[in-house]
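# Structure at a glance
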Amino acid sequence: MNKKYIKFLPLVIAVIAISVYLVYANYNYARFSREKVNSKVVGRSNWQLRTTEFYLENGLQVDSTGILPYNIKVGDSISKEANSLKFKVYRKNKFQRFEFYKAY
């Protein structure tokens, strides 16, 4: 391989990695907005630092950006109608029954 092209290899790898991440994020966003949801939060991850991902039992995820942080905890229940981004969070009360907490 020519040395002239090798110096661009890190840039090409970075562009591919960012493209894959954006396609993956867009897929999850579209899937969440399209489907009806009645599921419990089973995990969370904030490896991106400005975004926290909340994982649901049904395989969907809710992303919380730094602009609009969600106060969601593992164990909360999320309910949402199909074809909407508005959802409700339910949290267990002291009697271990879910009650409405907040709408996003």
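Scroll up a little and you will see the structure.
Now for a description of the structure that goes with this document. (Residues numbered from 1 in each chain as written. Predicted model: local features only at pLDDT ≥ 70, side-chain atom pairs only at ≥ 80, totals over all residues. Heavy atoms only, no water.)

What follows deals with the overall build of the protein chain. Scanning the protein chain from N- to C-terminus turns up two helices and six strands. Ordered by position from the N terminus, the helices and strands of the protein chain form the series α-α-β-β-β-β-β-β. For 104 residues, the compact-globule estimate of 2.2 N^0.38 gives 13 Å, and the protein chain exceeds it by more than 25% at 18 Å. The principal-axis extents of the C-alpha atoms in the protein chain amount to approximately 70 × 25 × 25 Å. Taking all 104 residues of the protein chain together, 29% fall into the buried category. (Helix = DSSP H or I, 4+ residues; strand = E, 2+ residues; numbered from the N terminus. Rg over C-alpha atoms; globule rule 2.2 N^0.38 Å. Buried < 20%, exposed > 50% of the residue type's maximum accessible area, 1.4 Å probe, protein only.)

Moving on, we get to the side chain of Ser-39. Mapped onto the elements, Ser-39 comes out in strand E1 (residues 37–45). On the basis of relative accessible area, Ser-39 is assigned to the buried category, the value being 4%. Reaching out from Ser-39, the side chain makes a polar contact with the backbone nitrogen of Asn-58 at a distance of 3.2 Å. Excluding its chain neighbours within four sequence positions, the residues that come into contact with Ser-39 are Leu-56, Glu-57, Asn-58, Asp-76, Ser-77 and Ile-78. (Polar contact = N/O pair within 3.5 Å; in protein donor to acceptor, adjacent residues only side chain to side chain. Contact = heavy atoms within 4.5 Å.)

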